[in-house]
Amino acid sequence: MSKRNTKYSIERKKAQWGWIFITPSLIIFSLFNFYPILNALYTSLFKKKLLSLKPPTFIGLHNYAYLLDSPDFWNSIRATVVFTIGTFVPLLIFSLLFAVFIMSRKRFQKFFQMAYYSPAVLSSVVAAAIWLIIFDPRGLANQWLNIIMNSPGIDHNWLANSIMVQLSTILVYGWKYVGYFTIIFIVGLASIPKSIYEAAKIDGGNNWKNFWYITLPLLKPTTILVSIMSMLQCLKTFSTQYLFTQGGAPLAPINVITLNVYHTAIRDHRIGRASAMSIILFIMMLVFTWMQFRSSRADEITY
Amino acid sequence: MSQKLQLNQLKKRGIFQQSIIIDLLIWAFLIITALFVLAPTIFMFTASFMPANDILKMPYRWIPKSFYWQNFWQGIRGNDGSFIYIRNIFNSFIVAAVVSATTVFFSALAGFGLAKYYFKGRNLVFMIIMATMMIPFEAIMIPLYLVTTKLGLQDSYAGLIAPFLVNAFGIFLMRQYFITFPDEILDAARIDGASELMIFRSIILPNSIPAVATLAILIFKAQWDNLLWPLLVVQSEEMKTIPLYIVKFMAEKHTDEGAMMAVAAIASIPILLVFFKLSKYFLGGAAIYSSRKG
């Protein structure tokens, strides 16, 4: 009986220590995550101006109604969706190709991994600074494209034309993050047991068949993970678009939601409306995250 | 019998030749794309050695004629000769280092608590912490900004650091790492009279260096890269971080591409050096995401 009692007290002591260990993080989270998101939700129901002495006035869902009626906000949604889809599809294809090809090599695996990953190490501001010069009318982008298309002296308006500037941001983003997703695919590939390929070899499979009937189906969880992760990242893109507009590119084609939030809050001082925008962005991302959890649970693979 | 063998060998050779061609094509694809991926970085370093009007010459000279060191001087000196870039680099270091340290510390604490202690509501707490991963920073930046100004923390190190003291991914990473840690060792230490804090400090921390290093590097890199938050919270030149200096330099010195690239190169050299030295932690950090469902 006494033995049980001591054990009980040890368990209780351990439970206390568990709470002690997690309390600092919980306090920080409530201050810097939970409170702000609730505050954003609350503020989005008010008409509130930054730096204004007037008390905010409650206007219900008017901010949301305004946004859903505003062509400027719909343009932001369009810009964000175009950027997200335009980036994540090539990102997925190229990172998968790189990973499969790197893993098929016997040598220089590490070298290629590091080469593709290296842009992710540079900061996004540095990346934008480099590419702004590359996209200069006299810059490398025009030079190379003209060599490939055999069209000397043509300016492709990388930063001026509204379609080209969207393509440019996609190119910068894809360049920066392709290595990151390549690594994730490589981890996924490495977890496929070699014995499966050996069995396929006995059954007379070739490389191409192996890829279609073994590698790709077994990589499905990784593929879903990479798609959702890259989509989530693309939805909240900010730096590239911000710096491109700072560098003289037109705002409208690349006015993604985060950029719009920033401008609405900091330049126009409309805190309530900006909060409503960020809540809409949050909901969009929640839907994607929910999809990720659902799909990753449904697709557990055992070898 | 021998005929059949020969036929087989011939067939094999055919397939073999075909596979050599495919093999070469794959090598070519990898090398060309790798060159394309590396080109902008190489461009940055070569252009940082060139005077501005050489950089936009057609065709681009990948090997600079001479080293035009004035770019670096210009970049560091700044337009007003205040050498504020040095201070800004220092700020970036401070913020990134402090954020890495606090994130590692609090994440390890919480991760350890969640992995090795059983208490009521543990799973709920874990789920709540994981839920914060779904809150994008971009959605809470305005309330955060308002809170920071209200607390009078704008334009200070505290303001730059506060929102990033700990993050859910760090806790998740440490928890996953500690779960595999054998309980017997912890119990043995308890029998020897070690307190829970001592266990954390002298058994857990020293034995989690790979996870700590991965997390620290991940966080350091993210802070080194952070633009949005400093953009909101910093007003004075003295408190700016590297990304803000580059943005300002770009706006003011739009035409001096050489100095621009020198500034960018200076910002990139430290992080690239760390990358070459500790690449396994960088690559490991990326790979951890794939175990996120666990």
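Please read all numbers here as calculations on a predicted model, not as lab measurements. (Residues numbered from 1 in each chain as written. Chains lettered and ligands numbered in written order. Predicted model: local features only at pLDDT ≥ 70, side-chain atom pairs only at ≥ 80, totals over all residues.)

Draft legend 1. Expanded view of the overall build of chain A. If you tally the helices and strands in chain A, you get 13 helices and two strands. Whereas a compact globule of 303 residues would reach a radius of gyration of roughly 19 Å, chain A reaches 25 Å, over 25% beyond that. For chain A, the proportion of its 303 residues judged to be buried stands at 42%. Contacts in chain A between residues far apart in sequence, at least 24 positions, make up 73% of those at least 6 positions apart. (Helix = DSSP H or I, 4+ residues; strand = E, 2+ residues; numbered from the N terminus. Rg over C-alpha atoms; globule rule 2.2 N^0.38 Å. Buried ≥ 20, exposed ≤ 12 C-beta atoms within 10 Å, placed from the backbone. Contact = placed C-beta atoms within 7 Å.)

Draft legend 2. Seen up close, the overall build of chain B. Assigned secondary structure in chain B consists of 15 helices and zero strands. C-alpha extents for chain B along the principal axes are approximately 80 × 70 × 35 Å. Within chain B, contacts between residues at least 6 apart in sequence are counted, and of these 76% link residues at least 24 apart.

Draft legend 3. Inspection of the interface of chain B and chain A at higher detail. Of the residues lining the interface, 72 residues belong to chain B; the matching set on chain A comes to 75 residues. Ranked by residues supplied to the side of chain B that touches chain A, first place goes to helix 1 (residues 2-47) of chain B with eleven residues. Taken together, the residues of the side of chain B that touches chain A break down into 59 nonpolar, six polar and seven charged. (Nonpolar A, V, L, I, M, F, W, Y, C, P; charged D, E, K, R; others polar.)

Draft legend 4. Summary view of the confidence of the model for chain A. Of all residues in chain A, 94% attain a pLDDT of 70 or more, and the chain-wide mean is 85. Taking the mean pLDDT of every element in chain A, the minimum, 80, falls on helix 8 (residues 194-202) of chain A and the maximum, 93, on helix 3 (residues 71-104) of chain A. (pLDDT = per-residue confidence, 0-100.)

Draft legend 5. Inspection of the confidence of the model for chain B at higher detail. All names here are of chain B. Mean pLDDT for chain B: 85, with 90% of residues reaching 70 or above. Of all secondary-structure elements in chain B, the lowest mean pLDDT belongs to helix 15 (residues 279-288), at 75, while helix 7 (residues 157-161) reaches the highest, 94. The ipTM assigned to the predicted complex is 0.85, against a pTM of 0.86.

Draft legend 6. Up close: helix 3 (residues 70-77) of chain B. Residue and element names in this part refer to chain B. Of the residues making up helix 3, those classed as buried are Asn71, Gln74 and Gly75. With its buried residues spanning 95° around the axis, helix 3 presents them on a single face. Looking at the buried positions of helix 3, the neighbouring elements they touch are helix 4 (84-116) and helix 14 (257-277). Gly78 lies just past helix 3 and shows a positive phi near 80°. (Arc of directions from axis to C-beta.)

Draft legend 7. Local environment of the nonpolar core. Within the largest apolar cluster, 163 residues are counted, with the highest numbers of intra-cluster contacts made by A:Ala129, A:Ile130, B:Ile246 and B:Ala264. In terms of residue count, helix 7 (residues 162-190) of chain A provides more of this core than any other element does, 14 residues in total. Setting aside residues no more than four positions away along its own chain, B:Ile246 makes contact with A:Val125, A:Val126, A:Ala129, B:Val263, B:Ala264 and B:Ala267. (Core = buried A, V, L, I, M, F, W, Y, C linked by C-beta atoms within 7 Å.)

Draft legend 8. Highlighting helix 5 (residues 124-134) of chain A. Within helix 5 of chain A, eleven of the eleven residues are buried, which leaves it mostly tucked inside the rest of the structure. Within the sequence span of helix 5 of chain A, burial applies to A:Ser124, A:Val125, A:Val126, A:Ala127, A:Ala128, A:Ala129, A:Ile130, A:Trp131, A:Leu132, A:Ile133 and A:Ile134.

Draft legend 9. Molecular detail of unusual backbone geometry. Positive phi, normally seen in glycine, also occurs at A:Phe108, with a value near 65°. Secondary-structure assignment places A:Phe108 in the loop between helix 3 and helix 4 (109-121). Although it is not a glycine, B:Asp155 adopts a positive phi angle of roughly 65°. Within the secondary structure, B:Asp155 sits in the loop between helix 6 (137-150) and helix 7.

Draft legend 10. Representation of the packing of helix 5 (residues 122-132) of chain B against helix 8 (residues 168-179) of chain B. All names here are of chain B. Contact pair helix 5 / helix 8: the axes reach a minimum separation of 8 Å and the direction vectors enclose 135°. Taken together, helix 5 and helix 8 sit at an angle that is classed as oblique. For the pair helix 5 and helix 8, contact is made by Ile129, Met130 and Thr132 and by Ala168, Ile171 and Phe172, respectively. Residue classes in the contact of helix 5 with helix 8 are distributed as five nonpolar, one polar and no charged. (Axes fitted to C-alpha atoms, helices over the stretch in contact; angles between N-to-C directions. Parallel < 35°, antiparallel > 145°, perpendicular 65-115°, else oblique.)

Draft legend 11. Looking closely at the packing of helix 3 of chain A against helix 10 (residues 220-235) of chain A. Residue and element names in this part refer to chain A. For the pair helix 3 and helix 10, interaxial distance at closest approach is 9 Å and the crossing angle is 145°. Viewed along their axes, helix 3 and helix 10 form a crossing whose handedness is right-handed. Contact residues: Thr80, Phe83, Thr84, Thr87, Phe88, Leu91, Leu92 and Ser95 in helix 3; Val226, Ser227, Ser230, Met231, Cys234 and Leu235 in helix 10. Of the residues assigned to the contact of helix 3 with helix 10, the class counts are eight nonpolar, six polar and no charged. (Left-handed = near helix turned anticlockwise from the far one by under 90°.)

Draft legend 12. Spotlight on the environment of B:Asn167. Mapped onto the secondary structure, B:Asn167 falls in the loop between helix 7 and helix 8. Between the C-alpha atom of B:Asn167 and that of B:Thr103, which follows or precedes it by 64 residues, the distance is 6.6 Å.

Draft legend 13. Structural context of the environment of A:Gly174. Residue and element names in this part refer to chain A. Along the polypeptide, Gly174 turns up in helix 7. A count of 21 C-beta atoms within 10 Å places Gly174 in the buried class. Between the alpha carbons of Gly174 and Ile184 there is a distance of 15 Å; along the sequence they are ten residues apart. Excluding its chain neighbours within four sequence positions, the residues that come into contact with Gly174 are Thr87, Pro90 and Leu91.

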